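# Fold and contact review
The primary structure of each chain is shown beneath.
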Amino acid sequence: MIGRMLALAVILAGLWAATASAAELYVSPSGDDANPGTLEKPVATLPKAQELARAVAKPATVYLREGTYYLAAPLVFTADNSGTREAPVVWCGYQKEQPVISGGVRLKLDWKPYQKGIMQAQVPDDLVTDQLFVNGERQIMARYPNFNANERIFNGYAGDAFSPTRAARWADPRGGYMHAMHQAMWGGMHYRILGKDAQGKLRYEGGWQNNRPAGQHGAYRFVENIFEELDSPGEWFLNSTTHTLYFYPPTGLDLTKAVAEGVRLKHLIELRGTANHPVQYITFRGLTFRHAARTFMENKEPLLRTDWTTYRGGALFFTGTEDCTVQDCLLDQLGGNAVFVSNFNRRFTLRGSHIFKAGANGVAFVGDPQAVRSPLFNYGQRNQYARIDRTPGPKSANYPAECLVDDCLIHETGRVEKQTAPIEIDMAQDITVRHCSIYDVPRAGINIGDGCWGGHVIEDCDIFNTVLETGDHGSFNSWGRDRYWGLNGAPAGELSKLALLDAVQPNVLRNNRWRCDHGWDIDLDDGSSNYEIYNNLLLCGGLKLREGFHRHAYNNIVVNNSLHPHVWYRDSGDVVNHNIFMSAYRPAAMPGDLNKWGQEVDYNFFTTKEADRKAFASKGCDANSLSGDAMFVDPAGGDYRVKEGSPAMKLGFKNFAMDQFGVQKPELKVIAKEPSFGIGREATSRRDGRTRDWLGVKVKNIVGQGEISAYGTAGERGVLVVAIGDENPLAKAGLQKEDVILQVDGKATDSVQELLRIQKPARAKVWRKQMNVEIQF
């Protein structure tokens, strides 16, 4: 009996000691930094709370009371702020209170009428802000054309947005911004106006936000931060010379009671460590992050040979960390990247959080290009086989790995920067994205920029309403322009092995629901290799596999669409089997003399007609496939499981769950959208696709999304060379099969009809392997 009592006493003493050593600190906007940081006497600022937390024994919890914490500078955590596995450091809201960490400043304004419904107020001389929030909502910087929520691209565009005629209206446009889509719709480009020259022409800088630079789109343009364009409710303008803020309040807004806030910081929270001295075991839970500056003019870093560039920073910035977590947080209308995980990071977790209306990426995982072997940074660059490093994998550990994005709702990102994604992954390994709902974005929902170094798992996600403002992309997009891609001098048959030098682990897409009405549901673009794709429900845009190696796509359901094979290697090793398709395959630029596509394209089920199954029998496809009624359970309601006895099951198809896609956290699931299950509206072309003869050369118009993507043209522009004999004089001058003729003798040849008018050509500009080539005839 005495022994039992002693044992109990030891246990109770241990529990008391553990409780006693768990430090609790409190901070409140109404506190005082002279206080000790207790519940009764909280400190007032986050830097003071951080100072106290560094000094106390761990574990430690810093409780933030209700209110807004305006930061004068980013709150920086180093290795000295770390916790441990047994004794973590947690920053969280107190009980059910909802504290806000802000990179902005509250403005005390005395509003007075200006003219035509516009109000004005003086602001502090040192105020610099690129955003105005009123009652928690971001307002519209004065722009032309006016903001229109129903316009899909830029929320309104005009070809004359920064034309000389328009610019003549502006007395002093310095500090204004010009925005334009890439001429091929591969994202957007942004410029800062520097002023006007002596002739009244705009001077500006920028346009570096795209790693495949080209001209501005002629129609998709707008301009902002121009005083003379302040003419619509919700618009604002700050005159930094007179320190006057102008605002056109919406109807019904009482400015005497409104809370106005500006923005001053690009980063709110920074965790900065190194691989040798990482920041460890810090968790942010139940917090709201607001008011981070836009960073589109600092988006300059090329991401290897992808089409993308990036700004290496975000409202929450992590570098050199281990086992750090952001959980149950709201990241609200941040101006640039919401979360950026840079270089060495291990086991970072974002869980149960809501990101919306970020200006750029939602979450970006981006490693160090110096960790890449034989890296290149421009699409046109090519490695030499004799010179590449042939060691598999990375050169160092300076990249994100073993990270997780779980049970999150991410939508309406890319409000400013259009070449961004809710989830962006470059030069990283073993990134898992699970149970996320992602939608209403300008480009891909998830983008994997390269094959370095694989191991990524995308599972149980719901991704739709993507590629809303751009083109030639998908709800999922990837590239694999790794050291093998476009390699000069490689022996025949070596590329399939070399493709695995960077893509050392397979990427897995499984149990997801995808929908893209303006591109492909899944788009494996240039070079994407080593992918396993199964148990996916593709609702609209189909499955595109461009040139790459070692892809296995099986047990997927492709609704109202099919497989899009583009430009495959002869020995790709691709396997496409046990899928359900609803039309014949839609190839583009496949080798005409290739008698067998991939390792196996067979044992698939076609719900349309037998002719679709047989359409590519000459390419070794679908000898054992079937067609008929798949016997779906409830396709109108989105349940594409097949009933018992379905002929698809005879081919090896297996049902997978239709009710587990997307975010599961109850508070987020109840507000998350779901995709439409209706038939998508596939764009149809009115261009003539027939082959014609021009000076002995077989030519045709570029027609449809498949050919636009396969040849990388700026829309349905140019004339494709289908066939040309070796003895043809134009061939001897350098014209080749699969060239796209853009100009002849300085005249645009957007169509065959325009080309046929030219019978004595002297010179031509062609688009060859997505590069401009000049030819003299």
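Residues numbered from 1 in each chain as written. Predicted model: local features only at pLDDT ≥ 70, side-chain atom pairs only at ≥ 80, totals over all residues. Heavy atoms only, no water.

## Remarks on the overall build of the protein
The helix and strand tally for the protein stands at ten helices and 65 strands. Rg of the C-alpha trace for the protein: 29 Å, near the compact-globule value of 28 Å for 777 residues, within the 12% margin. In terms of its C-alpha atoms, the protein occupies a principal-axis envelope of roughly 95 × 85 × 55 Å. By residue count, 58% of the 777 residues in the protein fall in the buried class. Summarising the internal contacts of the protein: among those between residues at least 6 apart in sequence, 67% fall at separations of at least 24. Summing over all exposed atoms, the protein offers an accessible surface of approximately 31100 Å²; the carbon and sulfur share of this is 50%. Distance between charge centroids for the protein: 3 Å, based on 87 positive and 89 negative side chains. (Helix = DSSP H or I, 4+ residues; strand = E, 2+ residues; numbered from the N terminus. Rg over C-alpha atoms; globule rule 2.2 N^0.38 Å. Buried < 20%, exposed > 50% of the residue type's maximum accessible area, 1.4 Å probe, protein only. Contact = heavy atoms within 4.5 Å. Areas by Shrake-Rupley, 256 points an atom, 1.4 Å probe, with all protein chains shown as cover. Lys, Arg positive; Asp, Glu negative; His and termini not counted. Charge placed at Lys NZ, Arg CZ, Asp CG, Glu CD.)

## A closer look at helix H8 (residues 704–711)
Quick reminder: α-helices carry 3.6 residues per turn. Residues three or four places apart thus point the same way. Buried residues dominate H8, accounting for six of its eight residues. Three or more residues of H8 are buried, namely Gly 704, Glu 707, Ile 708, Ser 709, Ala 710 and Tyr 711. Of the surrounding elements, those touching the buried residues of H8 are strand S45 (520–524), strand S48 (543–545), strand S60 (697–701), strand S61 (719–723), strand S62 (740–744) and strand S64 (763–768).

## With respect to the pattern of salt bridges
Under the definition given, this model contains 43 salt bridges. Across the pair Arg 166 and Glu 229 runs a salt bridge whose closest N-O atoms are separated by 2.9 Å. You can see Arg 166 sitting in helix H3 (residues 164–167) and its partner Glu 229 sitting in the loop between strand S17 (216–224) and strand S18 (235–239), a full 63 residues away along the chain. Here Arg 166 and Glu 229 have matching classes, each one buried. Members of the salt-bridge network, linked through shared partners, are Arg 212, Asp 307, Asp 472, Arg 481, Asp 523, Asp 525, Asp 526, Lys 544, Arg 546 and Glu 547. (Salt bridge = Lys/Arg side-chain N within 4 Å of Asp/Glu carboxyl O.)

## Considerations on unusual backbone geometry
The peptide bond linking Lys 58 to Pro 59 adopts the cis configuration, its omega dihedral lying at 5 degrees. The topology assignment puts Pro 59 in the loop between helix H2 (46–55) and strand S2 (60–64). That bond from Tyr 144 to Pro 145 is cis: its omega, -10 degrees, falls within 30 degrees of zero. The topology assignment puts Pro 145 in the loop between strand S13 (143–144) and H3. Non-glycine residue Asn 555 carries a positive phi angle of around 60 degrees. For Asn 555, the location among the structural elements is in the loop between strand S49 (551–554) and strand S50 (557–558).

## Let's talk about the packing of aromatic side chains
Applying the stated rule across the entire model yields 34 aromatic pairs. Seen from their ring centres, Tyr 439 and Phe 464 are 5.0 Å apart, and the 20 degrees between their planes marks the pair as stacked. Linking Tyr 439 in strand S38 (residues 437–439) with Phe 464 in strand S41 (residues 462–464), this pair joins segments that are 25 residues apart in sequence. Of the residues examined, Phe 464 reaches a relative accessible area of 1% and is grouped as buried. Among the aromatic side chains, those forming a connected cluster through ring pairs are Trp 568, Phe 581, Tyr 585, Trp 597, Phe 606 and Phe 616. A cation over an aromatic ring shows up here: Arg 390 above the ring of Tyr 385, its NZ or CZ 4.1 Å from the ring centre. Residue placement shows Lys 544 over the ring face of Trp 520; its charged tip is 4.4 Å from the ring centre. (Phe/Tyr/Trp six-rings, centres within 6.5 Å; stacked < 30°, edge-to-face > 60°. Lys NZ or Arg CZ within 6 Å of the ring centre and 35° of its normal.)

## A short note on the pairing of strand S36 (residues 423–426)
Here S36 shows no split at all, with Ile 423 and Ile 425 on one side and Glu 424 and Asp 426 on the other all buried. Summarising the sheet, S36 and strand S39 (residues 446–448) pair through three bridges and their orientation is parallel. Bridge pairing links Ile 425 to Ile 448 in S39. (Pairing = 2+ DSSP bridges.)

## Details of H2
For H2, the set of buried residues is Leu 46, Ala 49, Gln 50 and Ala 53. For H2, the buried positions fall inside an angular range of 100 degrees around the axis, keeping them on one side. Two or three places before Lys 48, at the start of H2, stands the capping residue Thr 45, its side-chain oxygen 3.3 Å from that residue's backbone nitrogen. (Arc of directions from axis to C-beta. Polar contact = N/O pair within 3.5 Å; in protein donor to acceptor, adjacent residues only side chain to side chain.)

## Examining the side chain of His 411
You can see His 411 is positioned in strand S35 (residues 409–411). At 2.8 Å, the side chain of His 411 and the side chain of His 354 are in polar contact. For His 411, the residues in contact, after removing those within four places along its chain, are His 354, Ile 355, Phe 356, Lys 357, Tyr 439 and Asp 440.

## Observations concerning the sheet that holds strand S16 (residues 202–206)
The five strands lie next to each other as S13-S17-S14-S15-S16, forming an open sheet whose pairing is antiparallel. Taken across any chain shown, the strands that pair with only one partner, and hence form the sheet edges, are S13 and S16. Here strand S14 (residues 177–182) runs beside S17; their pairing, made up of five bridges, is antiparallel. Paired with His 179 across the two strands is Phe 222, which belongs to S17.

## Structural notes on the sheet that holds strand S11 (residues 137–138)
The sheet built from four strands is open, its strands ordered S7-S20-S10-S11 with antiparallel pairing. Edge strands, defined here as strands with exactly one partner in the open sheet, are strand S7 (104–107) and S11. As paired elements, S7 and strand S20 (residues 260–263) share four bridges and run antiparallel to each other. From the neighbouring strand, Val 105 faces S20, where its bridge partner is Gly 262.

## Details of the confidence of the model for the protein
Per-residue confidence for the protein gives a mean pLDDT of 94, with 96% of residues at or over 70. Per-residue pLDDT stays below 50 along residues 1–20; that stretch engages in zero contacts with residues further than four places along the chain or on separate chains. (pLDDT = per-residue confidence, 0-100.)

## Some thoughts on the environment of Pro 302
Relative to the elements of secondary structure, Pro 302 occurs in strand S25 (residues 301–302). Setting aside residues up to four positions removed in sequence, Pro 302 forms contacts with Asn 211, Trp 308, Thr 309 and Phe 377.

## Quick word on the state of the cysteines
Taken as a whole, this structure holds zero disulfides when the rule is applied. In this structure Cys 92 is not part of a disulfide, and its nearest cysteine sulfur, from Cys 329, lies 9.8 Å away. Residue Cys 92 is classed as buried on the basis of its relative accessible area, which comes to 3%. (Disulfide = S-S within 2.5 Å.)

## Quick word on the environment of Arg 586
Tracing the sequence through the fold places Arg 586 in the loop between strand S53 (580–581) and strand S54 (600–602). Arg 586 sits 44 residues away from Gly 542 along the chain, and the two C-alpha atoms are 9.6 Å apart. For Arg 586, the side chain forms a polar contact with the side chain of Ser 583, separated by 3.1 Å.

## Some points on the pairing of S2
Burial analysis of S2 places five of its five residues in the buried class, the great majority of the element. The alternating pattern of S2 places Ala 60, Val 62 and Leu 64 on one face and Thr 61 and Tyr 63 on the opposite face, and all of these are buried. In the sheet, strand S1 (residues 23–27) pairs with S2 via five bridges, with the strands oriented parallel. Its bridge partner lying in S2, Leu 25 is registered against Val 62. In this fold, the crossover linking S1 to S2 by way of H2 has right-handed handedness. Here S2 pairs with strand S5 (residues 89–93) via five bridges, running parallel. Looking at the pairing, Thr 61 lines up with Val 90 of S5. (Right-handed = clockwise from strand over helix to strand, strands pointing away.)

## Topic: the environment of Gly 480
In this fold, Gly 480 is placed in the loop between strand S42 (474–478) and helix H4 (495–498). Its relative accessible area of 1% is what places Gly 480 among the buried residues. When near neighbours in sequence (up to four residues on either side) are disregarded, Gly 480 contacts Gly 451, Trp 485, Asp 525, Asp 526, Gly 527 and Ser 528.

## Describing the side chain of Gln 209
With respect to the helices and strands, the residue Gln 209 is situated in the loop between S16 and S17. Classification of Gln 209 as buried rests on a relative accessible area of 2%. Looking at Gln 209, its side chain comes within polar contact range of the main-chain oxygen of Phe 296, at 3.2 Å.

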